[in-house]
Amino acid sequence: MTEVAQARAAVTPLAAPLSSAAPRGAEIIVRGLIRNGVDTIFGLPGGAVLHIYDELWRFRDEITHYLVRHEQGAVHAAEGYARATGKVGVALVTSGPGATNAVTGIATAYMDSIPLVVITGQVPTSTIGTDAFQEVDTFGMTLPIVKHSYLVKDVRMLDSVIDEAFRIAISGKPGPVVIDIPKDVTAAVCDWTKAVGGDEPSANSHQFVDHDRIGTVIEKLLAAERPVLYVGGGIVTADAADDLTHLVDILNVPVTPTLMGLGGFPSAHPACLGMLGMHGTYTANTAISECDLLLAIGVRFDDRVTGKIATFAPNAEIIHIDIDPSNIGKNKQPHFSVVADARTALRAIIECLSEKGEGVIAASIERREDWRRKIEGWKAAAPMNCEHSNDEIKPQALIEALHRVTGGDAIIVTDVGQHQMWAAQFYPFKYSRQWITSGGLGTMGFGLPAAIGAQLARPEAQVIAVVGDGGFQMTNQEIITAIQYGIPLKVVIMNNGYLGMVRQWQEMFYDRAYSEVDLSISPDFVKLAEAYGALGLRATRPADLEGVLREGLAHPGVTIFDIVVSKEENVFPIIPPGQDSLRMILK
Amino acid sequence: MVIGNTRHTISITVANEAGELSRIVGLFSARGYVVETISVGKTLEPKWSRATIVTRGDERTIEQIVKQCGRLARVREVKAVTSEPHIEREMALIDVSVTAGAERQDVMSLVDIFRAKVVDISHERMILELSGTRDKVDTFIEMLKPLKVNDVTRSGCVAINRLSPFDRSEEPNKSSEE
Ligand SMILES: Cc1ncc(C[n+]2csc(CCOP(=O)(O)OP(=O)(O)O)c2C)c(N)n1
Ligand SMILES: [Mg+2]
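**Quick word on the confidence of the model for chain B**
- When pLDDT is averaged across chain B, the result is 90; 90% of the residues are at 70 or more.
- For this predicted complex, the interface confidence score (ipTM) comes to 0.86, while the overall pTM stands at 0.93.

Okay, structure coming up:
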């Protein structure tokens, strides 16, 4: 059937039941979303989801649907929404190409453990497997990148599937759940009395914690002479930032967050060593190699963090606390572990500590005086400095200026590349969920649509997308989505004329053979902004930078900043991939 | 502790629903785990199936397999059966060419020794059924090879833990026979 014929077929039988005594599948879906607290979804219609869109029209006062221009944008926007709030983000796409376009977003969410429900249309049940028009095996295609998925072939299952999908997406270690729904199931009328399902077993979640093991963690922590807390996205996911700060204030132990953990601990806190890993600070990486106790919470010993895994924290006893048992020992075998979410674990630690008596704690802090002095020495020896120039805007200076003009309060959403690392290094974060980035999959094109989702989730906050000139061009079509809905999106393009991060690797590891990284032929981003009806502003000289940023941020609508920065700047420090931190290159 | 590339049998109790088996098999291939044999069937409650997968790996890999399978929403239980005393069996159907007379007598004595069964017969061929440990099945097929073995279908292993915690076979990691 052609799309036109499909559309016609869908238009004819539309006497939508007004009583929910015998609703059709599409109504059950939309009511299911509402029941699960959804008021915002992102999507783009097509033949297989027409019935659902028809119901969305009926329920438009309860759910606002944001029409994106590409399904990748829908899923990233849903992710931005989820990451800014901790709530489940929802996207709706059609079968076939709608689903394939959504795949990058689903994989991005999977790698970063972001709770999503993605509803995909499917060809009618009777035509599944016949290579029907716009048929693709969405269930099979997304199997390795979902926390769970469904192909719902019976309208009576829909109700319980939707509830369970939300439960699974958010529980334990969160992740994306795909619900693939054939068109006929959305049209079928459901006899409630025959509704089935609802007793499916779901993933184990770990809300309790073994107090004996927590006791051991505390003994080790109090006895350590050179401890470091290595904390990651698990802190953010579990909303455990306050508990972490509380613990550090009691015990005064140094903390280093991963890229995903930024915001989970205030960057300006005196105990913060800065980010660790490939582009981490000298202090953080040196502290890791010298510590005698590494307490890892809500992290997964990712290769971008550890470099050469065998020599990561070589002198430390490693304690790993994580909600996902499979994370423990996956990359690095810890000496001791606790399965618990970060908040439960931290609260248990704090509670047990309070029984210890002040003398014990004071003695432990006292014993670590040398360690603190050593760390201060490293901080002073290799601070994260930013060079300034009068002729060209240094990328690091751009981030610092952004920090100044936003008072450090903005939610920063990034794309992937050099600008991402500079934003991580030079924008000190104050609060959890202030930093939204694609860490695990490293998806270029993530930033702009994710910022749309974040801004919708946090309308009162200043949300800024910091993107590269490369990644911007992967999803800039969503500018019009922001325009259409009056979302005051602010996009800062760090324009270095290159696929910068790749160029840096070519410079450092491939003898400066700049193979296919030149972006000097790019559209005029200011004119592009104007074509979309947005404000476009350009800054090329350091003297103009702050003024341009202030002007654009004050604009009530969408602003696209084309900030032309020095072309061949490199991100430092860098630990070359697969090496240990002794190989860190500082300049 | 057993180090190296040891054979292990993993028993996974998973909801008897469409797609759940592909989720498990997909997980094995995505994470580079070996599937040597796999067999699946209903458990006592028809809602639940049990997949028995024979794989290879060191202790850490096996531990990861158990944990990774445990993450799946529809998996109720994952056990490394081989880490405790257990019984393991495989079944084979073997199609051999045998003419009446001495040849058939040879086969029949093998059938007798291995306690196999003849499940089909024609003038030139026989189909034999055997169940036992993997080694026993291997040996039986080996012994038949001088005759003409046309085809073999093996079920893959199924396994269950012993009732008593004491393993009666000498080697801790080897399943005992009968
Ligand atoms: C979809 C996708 N394709 C390719 C890559 C590989 N990659 C990583 S960083 C990068 C360069 C990004 O260039 P740009 O967006 O201009 O950012 P910059 O590094 O210059 O700040 C590329 C191509 C990726 N991460 N994602
Ligand atoms: Mg660039």
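**Section: the pattern of salt bridges**
All names here are of chain A.
- In the structure shown here, the tally under the stated rule is 50 salt bridges over all chains.
- D54 is the partner of R24 in a salt bridge, and the nearest nitrogen-oxygen pair spans 2.6 Å. Of the two residues, R24 sits in the loop between α1 (3-11) and α2 (25-35) while D54 sits in helix α3 (residues 50-58), which places them 30 residues apart along the sequence.
- Residue R35 is joined to D159 by a salt bridge in which the shortest nitrogen-to-oxygen separation is 3.2 Å. A residue pair is termed long-range when its members are at least 10 positions apart, and R35 in helix α2 and D159 in helix α7 (residues 158-170) qualify at 124 residues.
- On the accessibility criterion, R35 (42% relative accessible area) is partly exposed.

**With respect to the interface of chain B and chain A**
- Counting from both sides, the interface comprises 16 residues of chain B and, opposite them, 24 residues of chain A.
- Where chain B meets chain A, there are two salt bridges.
- Among the ionic pairs, R71 of chain B bridges to D324 of chain A, the shortest N-O distance being 3.2 Å.
- Taken together, chain B and chain A are joined by nine residue pairs in polar contact (both at pLDDT 80 or more).
- Contributing elements (two or more residues each) for the side of chain B that touches chain A: α1 (20-30) and α2 (59-71) of chain B.
- Top contributing element to the side of chain B that touches chain A by residue count: α2 of chain B, with five residues.
- Partitioned by chemical class, the residues of the side of chain B that touches chain A number three nonpolar, four polar and nine charged.

**Structural notes on the environment of A382 of chain A**
Residues and elements named next belong to chain A.
- Tracing the chain through its elements places A382 in the loop between α16 (369-381) and α17 (395-405).
- A relative accessible area of 16% places A382 in the buried class.
- With 47 residues separating them in the primary sequence, A382 and H335 have C-alpha atoms 31 Å apart.

**Some points on the packing of helix α4 (residues 71-85) of chain A against helix α19 (residues 447-457) of chain A**
Residues and elements named next belong to chain A.
- Remark: α4 packs on α19, axes separated minimally by 6 Å, with the N-to-C direction vectors making an angle of 45°. Classified by the interaxial angle, the pair formed by α4 and α19 is oblique. Crossing hand, α4 versus α19: right-handed. Seen from α4, the contacting residues are G73, H76, A77, G80, Y81, A84 and T85; seen from α19, they are P449, A450, G453, A454, L456 and A457.
- When its residues are assigned to classes, the contact of α4 with α19 shows eight nonpolar, five polar and no charged.

**Notes on the domain arrangement of chain B**
Residue and element names in this part refer to chain B.
- Parsing chain B into structural domains produces domain 1 (6-84) and domain 2 (87-159).
- In this structure, domain 1 and domain 2 have C-alpha centres spaced 29 Å apart.
- Every contact between the two is made by 10 residues of domain 1 and, on the other side, seven residues of domain 2.
- Across the domain 1/domain 2 interface, buried area totals approximately 650 Å², and carbon plus sulfur atoms make up 46% of it.
- When residues of domain 1 are sorted by the area they lose upon contact with domain 2, R7, T37 and S39 head the list and together hold 51% of the total.
- Where domain 1 meets domain 2, there are two salt bridges.
- E36 is paired through a salt bridge with R134; the nearest N and O atoms lie 3.7 Å apart.
- Summed over the shared surface of domain 1 and domain 2, the result is three residue pairs in polar contact (both at pLDDT 80 or more).
- Counting residues per element, the side of domain 1 that touches domain 2 draws most heavily on strand β2 (residues 37-42), which supplies three residues.
- Its residues assigned to classes, the side of domain 1 that touches domain 2 comprises three nonpolar, five polar and two charged.

**Regarding the sheet that holds strand β16 (residues 535-539) of chain A**
All names here are of chain A.
- Here we have six strands laid out as an open sheet, ordered β13-β12-β14-β15-β17-β16, and parallel in their pairing. Each of the sheet's edge strands pairs with one partner strand only, and the pair in question is β13 (435-436) and β16.
- Bridge count for strand β14 (residues 463-468) against strand β15 (residues 490-495) is five bridges, and the pairing is parallel. Along β15, the bridge assignment pairs V467 with I493.
- Helix-sheet contacts for α17 involve β14, β15 and β17 (559-564), and the interaxial angle to β15 is about 160°.

The rules behind the values
Along each chain, the written sequence defines residue order, and numbers are assigned to residues from 1. Just so you know, chain letters begin at A and ligand numbers begin at 1, following the order they were written in. Residue-level local features of this predicted model are given only where pLDDT is at least 70; pairs of side-chain atoms are given and counted only at 80 or more, and the full residue set underlies all totals for whole chains, interfaces and linings. To get the side-chain values, all heavy atoms of the structure are used, and hydrogens and water are removed first. Note on scores: pLDDT gives the predictor's confidence for each residue, bounded by 0 and 100. A pairing counts as a salt bridge when a side-chain nitrogen of Lys or Arg comes within 4 Å of a carboxyl oxygen of Asp or Glu. Each helix is a run of H or I in the DSSP string that is no shorter than four residues. Each strand is a run of E no shorter than two, and both are numbered from the N terminus. Each residue is placed in one exposure class: buried if its accessible area under a 1.4 Å probe, protein chains only, is under 20% of its type's maximum, exposed if it is over 50%, and partly exposed if it falls in between. Should any heavy atoms of two residues lie within 4.5 Å, those residues are considered in contact. Distance and chemistry together define a polar contact, namely a pair of N or O atoms within 3.5 Å, with one atom able to donate a hydrogen and the other to accept it when in protein, and with adjacent residues in sequence counting only for side-chain atoms on both sides. For this scheme, ten residues count as nonpolar: Ala, Val, Leu, Ile, Met, Phe, Trp, Tyr, Cys and Pro. Four count as charged, namely Asp, Glu, Lys and Arg, and the remainder, Gly too, count as polar. Simply put, an axis is a line fit to the C-alpha atoms, just over the touching stretch for a helix, and the angle between two N-to-C directions goes from 0 to 180 degrees. Roughly parallel means an angle under 35 degrees; roughly antiparallel means over 145; roughly perpendicular covers 65 to 115; every other angle is labelled oblique. Crossings are classed by handedness, with left-handed meaning an anticlockwise turn of the near helix from the far one by less than a right angle and right-handed meaning a clockwise turn. Domain start and end points were adopted from an automatic or database domain assignment. Two parts placed together each lose some accessible area; with a 1.4 Å probe, that loss summed over both constitutes the buried area. Only when DSSP finds a minimum of two bridges between them are two strands counted as paired.

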